[in-house]
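# Reading the structure
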Amino acid sequence: MTDTAPLASIATDLTGGRTSGLRFLDDSGTLAIVLDVTGLAAEDRGPLEDKLRAGLLGKPGVHEVRVAMTAEKKAMTLIAVGSGKGGVGKSTLAANLAVALHRLGVKVGLVDADIYGPSQPRLMDSEGVKPEARGSKLAPVPNAYGVPMLSTGQIAAPGQAIAWRGPMAGKALEQLVDASWGDIDTLVVDLPPGTGDVQLTMIQKHKPAGAVIVSTPQDLALMDATRAISLFEQAGVPIIGLVENMAGYACPHCGELSDPFGNGGAEAAAKTMSLDFLGRVPLSIGVRLASDGGVPPAAGTDPAGEPFHAIAAKVADWLQARKRK
């Protein structure tokens with residue numbers, strides 16, 4: 001009988017230790033081996049299989065190589081970005097948080113779970129680019145910012161109203177989250193405003209690791225943000241912290257600072273509720289223009305991106321602390 005130890009050693013070297021179960025199936029030289037492709041993108045699996053087969057075929061006693069690929073379902077870390085009401089800049093925050101986390105080395109993807117009002121394709125400059133299928137799963141759409149993403153806005157026709165009932169919206173969300181994410185291990189999920197079906201589906205089926213709550217400083221927005229916080233807390237989802245968006249405006253002509261939406265409300269609310277305050281994002285024409293143009297400020301070195309980098313650094317610290325527990 002052919003000694004399989006040298007063959008197992010070759011397979012280990014060829015694949016970086018991803019093989020197991022090497023054995024001969026019969027006396028004619030048919031070799032079977034298991035290849036673990038967990039965490040590999042679909043386009044990387046075939047070449048590795050071919051490399052393994054070519055490296056073993058022709059070795060003493062080997063006339064055929066049968067490779068069985070296996071992969072464990074990877075547990076993704078989901079960060080939900082929510083708000084109690086619309087119009088507070090939640091989607092802009094989610095896009096820039098994902099980009100800033102990527103720049104910190106996090107393997108991050110972006111899910112636009114705002115099923116009825118998807119805006120991430122515009123924010124991430126991927127409008128009109130439809131996701132492809134990898135087997136039964138969707139393949140995230142790449143972009144120039146290193147953050148693959150999926151959104152119903154990439155599936156529906158531009159301008160088309162998405163009139164789905166709750167179960168259909170929940171199924172769509174499941175397809176976006178359970179996509180073929182490759183080596184991505186963290187998903188930033190841009191939730192729709194409020195506390196409806198999509199939020200409940202996300203919490204019940206996908207259980208986010210934590211939530212970032214976005215609010216403007218004004219009392220009305222903070223009242224709604226408190227409801228969103230209550231929803232996550234009731235479901236046992238930790239609140240990573242609060243972000244105060246549209247916090248102060250610097251006149252581009254005279255430089256005078258004003259606070260059209262108030263100031264410090266979210267920070268005060270965080271303190272009252274014993275939650276972390278992640279930072280402020282000023283009301284800025286630069287952020288608005290860049291976002292409309294599909295260029296997240298966090299992708300560059302302009303001062304407009306600095307608040308997003310500071311917030312992302314705190315979220316990254318939270319993720320690291322969670323891993324150490």
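Residues numbered from 1 in each chain as written. Predicted model: local features only at pLDDT ≥ 70, side-chain atom pairs only at ≥ 80, totals over all residues. Heavy atoms only, no water.

## Let's talk about unusual backbone geometry
Note the cut-off: Only DSSP runs of H or I covering at least 4 residues are called helices, and only runs of E covering at least 2 are called strands; the numbering of each starts at the N terminus.
Residues other than glycine seldom take positive phi values, yet Asp-125 does so here, at roughly 55°. Of note, Asp-125 is situated in the loop between helix H4 (120-123) and strand E6 (132-134). The backbone phi angle of Met-246 is positive, close to 55°, even though this residue is not glycine. Within the secondary structure, Met-246 sits in strand E11 (residues 239-250).

## Here we look at helix H8 (residues 265-272)
Convention followed: With a 1.4 Å probe rolled over the protein chains alone, any residue whose accessible area is under 20% of its type maximum counts as buried; one over 50% counts as exposed, and the rest are partly exposed. The arc in question is the one spanned by the directions pointing from the helix axis to the C-beta atoms.
Three or more residues of H8 are buried, namely Gly-265, Ala-266, Ala-269 and Ala-270. Viewed end-on, H8 has its buried residues packed into an arc of 135°, placing them on one side of the element. Residues of H8 that are exposed and point more than 90 degrees away from the buried face comprise Lys-271 and Thr-272. The positive-phi residue at the C-terminal boundary of H8 is Ser-274, with phi of around 60°.

## Some remarks on the pattern of salt bridges
Convention followed: The working definition used for a salt bridge is a side-chain nitrogen of Lys or Arg within 4 Å of a carboxyl oxygen of Asp or Glu.
Applying the stated criterion across every chain yields a total of 8 salt bridges. Glu-244 is the salt-bridge partner of Arg-280, the closest N and O atoms lying 3.0 Å from each other. Placement of the pair is Arg-280 in strand E13 (residues 277-283) and Glu-244 in strand E11, with a sequence separation of 36 residues. The exposure class assigned to Glu-244 is buried, which follows from its relative accessible area of 0%. Two residues, Glu-267 and Arg-280, come together in a salt bridge whose shortest N-O distance is 2.5 Å. Within this pair, whereas Glu-267 is found in helix H8, its partner Arg-280 is found in strand E13, the two being separated by 13 residues in sequence. A relative accessible area of 32% places Arg-280 in the partly exposed class.

## Regarding the sheet that holds strand E2 (residues 30-36)
What counts is decided by this rule: Only strands joined by at least two bridges in the DSSP assignment are considered to pair. In this analysis, axes come from line fits to C-alpha atoms, helices being fitted only over the stretch in contact, and the angle between any two N-to-C directions falls in the range 0 to 180 degrees. Contact definition: two residues touch when any of their heavy atoms are within 4.5 Å.
Ordered in space as E1-E2-E3, the 3 strands form an open sheet in which the pairing is mixed. The sheet is open, and its two borders are formed by strand E1 (19-24) and strand E3 (64-70), each paired with just one other strand. Between one strand axis and the next, the sheet turns by 15° as a mean value, whatever way the strands run. Bridge count for E2 against E3 is 7 bridges, and the pairing is parallel. For Leu-35, the partnering residue across the bridge sits in E3 and is Met-69. Packed onto the sheet, helix H1 (residues 5-15) meets E1 and E2 and runs at close to 145° relative to E1. Set on the sheet, helix H2 (residues 42-56) makes contact with E1, E2 and E3; between it and E3 the angle comes to about 150°.

## Focus: the environment of Leu-176
Residue position: Leu-176 is located in helix H5 (residues 166-177). Sequence separation between Leu-176 and Ala-139 is 37 residues, and the spatial gap between their C-alpha atoms is 9.2 Å. Discounting residues that sit within four places of it in the chain, Leu-176 has contacts with Val-111, Asp-112, Ile-115, Leu-138, Leu-150, Ser-151, Thr-152, Ile-155 and Trp-181.

## A short note on the nonpolar core
Worth spelling out the cut-off: Within this scheme, the nonpolar core is defined by two criteria: the residues are buried Ala, Val, Leu, Ile, Met, Phe, Trp, Tyr or Cys, and they are joined through side-chain atoms within 4.5 Å.
One finds Leu-93, Leu-101, Val-188, Val-212 and Val-315 to be the most contacted residues of the largest nonpolar core, which totals 37 residues. Of all the elements in the fold, those that place two or more residues in this core are strand E4 (77-82), helix H3 (90-103), strand E5 (108-112), strand E10 (210-215), E11, E13 and helix H10 (306-324). Those residues in contact with Leu-101, other than ones at most four positions away along the chain, are Ile-79, Val-106, Val-108, Val-188, Ala-312, Val-315 and Ala-316. Core analysis: the next-biggest nonpolar cluster, separate from the first, contains 36 residues, Leu-173, Ile-203, Ala-225 and Ala-269 among them.

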